[in-house]
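Here's the letter readout for the chains.
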Amino acid sequence: MLARCETTRAGLDVAEARERHLRQGANRLRAHKPRSLLAILVAQLQSVLVVLLALAVVASFALGRVLEGVAVGLVIVVDTVIGFAMEARATRSMEALRQLGQVMATVRRKGDHLRVPASELVVGDLVVLEAGDIVSADLRIVEASKLQVDESLLTGESLPVDKGVRENHAETLLAERSAMLFSGTSVTRGAAEGVVVAIGMQTELGQISRLVAEVKDEATPLERRLEELGRKLSWLTLAVALAVALVGVVSGRPPLLILETSIALAVATVPEGLPIVATLALARGMARMARRNALCARLAVVETLGATSVILTDKTGTLTQNRLAVEELVIDHQRIVVECLGGESTAQFFHDGRALRGQLQELLGRALRAGVLCNDAHVTPAGEGVGEPLEVALLMAGGKAGLDAEALKERLPEIREEAFDPETRMMATFHEQEDAGLLVQVKGAPEAVIAACRRAVTRRATVVLDEKRRGQWLDHNRQLASRGLRVLALAEGVVADRDDAPYRDLTLLGLVAMADPPRSEVRQVIDDCRAAGVRVVMVTGDQAQTALRVAESVGLVESGTEACVLGVDHELSRQEQQEVAQASVIARTSPRQKLEVLATHQRRGAVVAMLGDGVNDAPALRRANIGVAMGRGTQVAKEASDLVLNDDRLSTVVVAIGEGRVIFENIRKFALYLLSCNASELGAVGVAALIGLPLPVLPLQILFLNLVTDVFPALALGACEGQSRALKLAPRPSDEGVLERRHWLAIGGHGAVIAATVLGALLVATYVLELPAESAVSVSFATLGFAQLTHVFNMRGEDSPAISNEVTRNLWVWGAVLLCSVLLLLALYAPPLAAVLGTRALDARGWSVVGAASATPLLFGGLLRLLVRRRTGAA
Ligand code: ATP
């Protein structure tokens, strides 16, 4: 096979691999096609707004008003350019983010192990795999050890299948498959090396997915909700525009003015920019999180993160360092302490303060032999442990007791392994021995192993394990666990045949207790979560005492708290679900029960983030609202997750939740802002048209304002850093939309006040200052423009301070206000623009009206805030 793929056991050399990559192309299924610029442009032109404006252009030309026709045409161009630029930017940043999340593979090239993106694998590459890895091309196995693979993606078969190197002559279909690893499947156990025989669409998975339609980028729930909102508002617009047109016809206004007013009103209400500004804010949030080591799989994750109310976390590796070391053993009811005298290598075993000797030492050797043989880890010649830390710790302890793992395995060759099963919580290996029968070595959770043992070893003889002795052993276990140690029981047995049951008729050898120090930053993280109203719940397969002690040491629970213990694998009763919902520590949970714990919280309305890193965690990670995997976790876990923490720090989840909240708040801010500006235009023009007043702003002026006020300040609001208190408030309820009743009330209130101010300014200019009609309209136009600009500052958070808040600290907002002010002045003073818009330069009296009137929304905003605060304070 190696020769057929033109490679050797040492792998390809780097230059050859590069050359093949160019020739064979990327190892990808259906290359993801980013949206083309043309498609984005066409989408811009398909909007309701453009159709309405085009209608206005046609009408203007038909009625001979060329200048207006050209002006509206220009509006279409400007609007399309802005929409196009934003959309293209959003697409670009999504593409950049997609690059970040790519899968890596380990290959052997010229003898060295290299990590390369899986998309760069070529036929002939030698890929190295271990448990938890996802296979990213079709491979022919060249080396394997205890290999098991989950092929459910291809075959639908949920049980893992054994795989291995097969002789060439056995090339039946089945043998062929069992010597092959297929792209998209995952390694559940063991390790392997294989040569790539097919990549990309040539793989089995590629053949299948040819039939599957192209996957589209899905809109996030938020974007969908905003689009829905836009659609509803379009209907509202149509109704108002029709009413205005009707009144216009009845009161005999010129038809062109009626048409233009109706169109301008429609333009005023449709919140065109909303969904795209939301996409931009989400994409920006995703990029910001990526910079802080939290990689999101989809845009929607950013949005869900902000609503997260419960974090379910495992214990080992997340709350603790996953650096286990054997600290103590109990052999024949005697405590044996592992002490380090001046460095690891000189460690010794002590009993009652004296170095271990005699029979107890022999029994210790027998117990640790089970720990060393019933073990998948190994130690490199450099003394580094490779494998599960718990098993590495046992190997190291064996080494300290003088056991040479390699020599032991040679003398007692392993002929079968019963893999660790998180449901029985035990593992066994079978070994050939000189005496009759096969030696069985067992390790596992103390309750499980003690229950499976009939006898126990003592210094004098092997004794029957009666109820009293069982109780004593369980007491030893409890004592060790209540110090936060992870406890395992070791046992051995003899069977006649390799197919015999492993856990029958066992002899208990002793208990071994390992320390795993808590991670230092976890206490702060838990405090932060508490302040942010996010509950942290530990869900572990370990026993209650150990879990509680660790939970206490990181500040998750106070001492004296009880854990919820699930014990044997069973479906949760109603009573247990109740307990699970309340508990902060849930112990002895099987992988299936983890799913139930998750579902229990979700049924109660919680938005749940779930942390996990093992192969067994994948279903729960997928089912959680936010599955979170650590960067060091298995590929299977990472693939099933929505968020990957590249720095392996729990604190990054809290950072991500904070970011999620800020982004949601920002989206809410600009939605509120855009809609209240639109409402003010609709109110001012609608009321004037209905009661027969002259229009306070002319159709083209509305279009100009919409371009000015809609886009820049709204975009700037999307970039607010957020209230410093974002992580001090409770999470928003999961069913809360972007705009709730209170927001609609605020939109109505702000809109009405601005509209009233504008109409008031028009009346003052007309009747008090007695300005000619065009100058009076210029006063109301400028009032609307500047009032909308000052209104930006009403968008600070519900309880942010008035002067220094997230809006005033945002330089983009100041930039947008400055830019828009200049544009408004140009509209009044630049002759060509003034001619198109029909404006006149204002005198000092005009400006004093504009000044006073445009400050009103800000004053009203302050008043409204006071009222709301008093009401909620009183409630
Ligand atoms: P944690 O939350 O600490 O990460 P977990 O949920 O991963 O724990 P499991 O790995 O399911 O817990 O382990 C459950 C119990 O099974 C452990 O408490 C231990 O007693 C036992 N156990 C764990 N790993 C092994 C192993 N490799 N061999 C034998 N027994 C094991």
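Residues numbered from 1 in each chain as written. Predicted model: local features only at pLDDT ≥ 70, side-chain atom pairs only at ≥ 80, totals over all residues. Heavy atoms only, no water.

1. Comments concerning the environment of leucine 509
Note on placement: leucine 509 falls in strand 22 (residues 506–515). Residue class for leucine 509 comes out buried when judged on its relative accessible area of 1%. Taking C-alpha positions, leucine 509 is 9.9 Å from glycine 365, a pair spaced 144 residues apart along the chain. In this view, leucine 509 contacts Ile331, Arg366, Ala367, Ala370, Val457, Leu490, Ala491 and Glu492; residues no more than four positions away in its chain are not counted. (Helix = DSSP H or I, 4+ residues; strand = E, 2+ residues; numbered from the N terminus. Buried < 20%, exposed > 50% of the residue type's maximum accessible area, 1.4 Å probe, protein only. Contact = heavy atoms within 4.5 Å.)

2. Describing the nonpolar core
Of all hydrophobic cores here, the largest spans 79 residues; its most connected members are Leu643, Ile667, Phe670 and Leu717. Ranked by residues supplied to this core, first place goes to helix 23 (residues 651–691) with 14 residues. If we skip the residues at most four places from it in the chain, isoleucine 667 touches Leu222, Leu226, Ala278, Ala281, Leu282 and Val738. Counting 52 residues, the second-largest nonpolar core is a separate cluster that includes Val50, Val75, Ile76 and Leu769. (Core = buried A, V, L, I, M, F, W, Y, C linked by side-chain atoms within 4.5 Å.)

3. Remarks on the sheet that holds strand 28 (residues 643–645)
Through backbone hydrogen bonds, the strands of a sheet pair up, either in parallel or in antiparallel fashion. Within the open sheet, the eight strands sit side by side as 8-28-27-26-9-23-25-24. Their pairing is mixed. Two strands close off the open sheet at either side, each with one partner strand: strand 8 (294–296) and strand 24 (564–565). Strand direction decides the pairing type here: strand 26 (residues 608–611) and strand 27 (residues 626–630), joined by three bridges, are parallel. Within strand 27, the position partnered with leucine 611 by the bridge is valine 628. Here helix 23 sits on the sheet and contacts strand 8, strand 9 (310–313), strand 26, strand 27 and strand 28; the angle it forms with strand 28, its principal contact strand, is near 135 degrees. (Pairing = 2+ DSSP bridges. Axes fitted to C-alpha atoms, helices over the stretch in contact; angles between N-to-C directions.)

4. Some details on the pattern of salt bridges
Proximity of charged atoms lets side chains of opposite charge pair with each other. Per the stated rule, a full pass over the model turns up 32 salt bridges. A salt bridge links arginine 108 to glutamate 193; its shortest N-O distance comes to 2.7 Å. Residue arginine 108 is found in strand 1 (residues 104–109), and its partner glutamate 193 is found in strand 7 (residues 186–198); the two are separated by 85 residues along the sequence. Assigned by exposure class, arginine 108 and glutamate 193 land together as buried. In this structure, arginine 483 and glutamate 327 form a salt bridge, with 4.0 Å as the shortest nitrogen-oxygen distance. Here arginine 483, found in the loop between helix 16 (467–481) and strand 21 (486–495), pairs with glutamate 327, found in strand 10 (residues 325–331); they are 156 residues apart in sequence, far enough to count as distant. Residue class for glutamate 327 comes out partly exposed when judged on its relative accessible area of 32%. (Salt bridge = Lys/Arg side-chain N within 4 Å of Asp/Glu carboxyl O.)

5. A closer look at the confidence of the model for the protein
The share of residues in the protein with pLDDT of 70 or more is 91%, and the mean pLDDT across the chain is 83. pLDDT under 50 marks residues 211–216. Its contacts with residues more than four places away, or in other chains, come to six contacts. (pLDDT = per-residue confidence, 0-100.)

6. A closer look at the site of the ligand
Contacts to the ligand come from 21 residues, most closely from Lys315, Thr316, Thr540, Gly541 and Asp542. Within the contact set of the ligand, an oxygen atom lies 3.0 Å away from a backbone nitrogen or oxygen of lysine 315. Protein contacts shield 90% of the accessible area of the ligand, which totals 620 Å² for the unbound molecule. Contributions of two or more residues to the shell around the ligand are made by helix 13 (389–400), strand 18 (438–444) and strand 21. Among the elements that line the shell around the ligand, the one with the most residues is strand 21, at three residues. For the shell around the ligand, the per-class residue count stands at seven nonpolar, four polar and 10 charged. (Near = heavy atom within 4 Å. Polar contact = N/O pair within 3.5 Å; in protein donor to acceptor, adjacent residues only side chain to side chain. Areas by Shrake-Rupley, 256 points an atom, 1.4 Å probe, with all protein chains shown as cover. Nonpolar A, V, L, I, M, F, W, Y, C, P; charged D, E, K, R; others polar.)

7. So, the packing of aromatic side chains
With the rule as written, the count across this model stands at three aromatic pairs. Measuring from ring centre to ring centre gives 6.5 Å for phenylalanine 704 and phenylalanine 781, while their planes differ by 50 degrees; the resulting arrangement is tilted. In this pair, phenylalanine 704 is assigned in helix 24 (residues 699–717) and phenylalanine 781 in helix 26 (residues 773–791), connecting sequence segments 77 residues apart. Phenylalanine 704 sits in the buried class, given a relative accessible area of 14%. Consider the rings of phenylalanine 786 and tryptophan 847, whose centres lie 6.0 Å apart with planes at 65 degrees: the pair is edge-to-face. Here phenylalanine 786 is found in helix 26, whereas its partner tryptophan 847 is found in helix 29 (residues 844–874), with 61 residues between them in sequence. Relative accessible area serves as the criterion here: at 16%, phenylalanine 786 is assigned to the buried category. Seen from the ring of phenylalanine 430, arginine 416 lies directly overhead, with NZ or CZ sitting 4.4 Å from the centre. (Phe/Tyr/Trp six-rings, centres within 6.5 Å; stacked < 30°, edge-to-face > 60°. Lys NZ or Arg CZ within 6 Å of the ring centre and 35° of its normal.)

8. Some remarks on the environment of alanine 300
Tracing the sequence through the fold places alanine 300 in helix 11 (residues 299–305). A sequence separation of 21 residues divides alanine 300 from threonine 279, and the C-alpha atoms of the two residues are 9.7 Å apart.

9. With respect to a nonpolar patch on the surface
Side chains of Phe61, Val66, Val70, Leu74, Val77 and Val81 sit close together on the surface and give an oily, nonpolar patch of about 520 Å² of accessible area. Sort the elements by how many residues they give to the nonpolar patch and helix 4 (residues 66–100) lands first, with five residues. (Patch = residues over 30% accessible without salt bridge, like charges linked within 9 Å, V, L, I, M, F, W, Y side chains within 5 Å.)

10. A look at the side chain of histidine 351
Its place among the elements puts histidine 351 in strand 12 (residues 348–351). Take histidine 351: its relative accessible area is 15%, and that puts it in the buried class. A distance of 3.0 Å separates polar atoms of two side chains, one belonging to histidine 351 and the other to glutamine 334. Setting aside its immediate chain neighbours within four residues, histidine 351 contacts Gln334, Arg335, Leu356 and Leu360.

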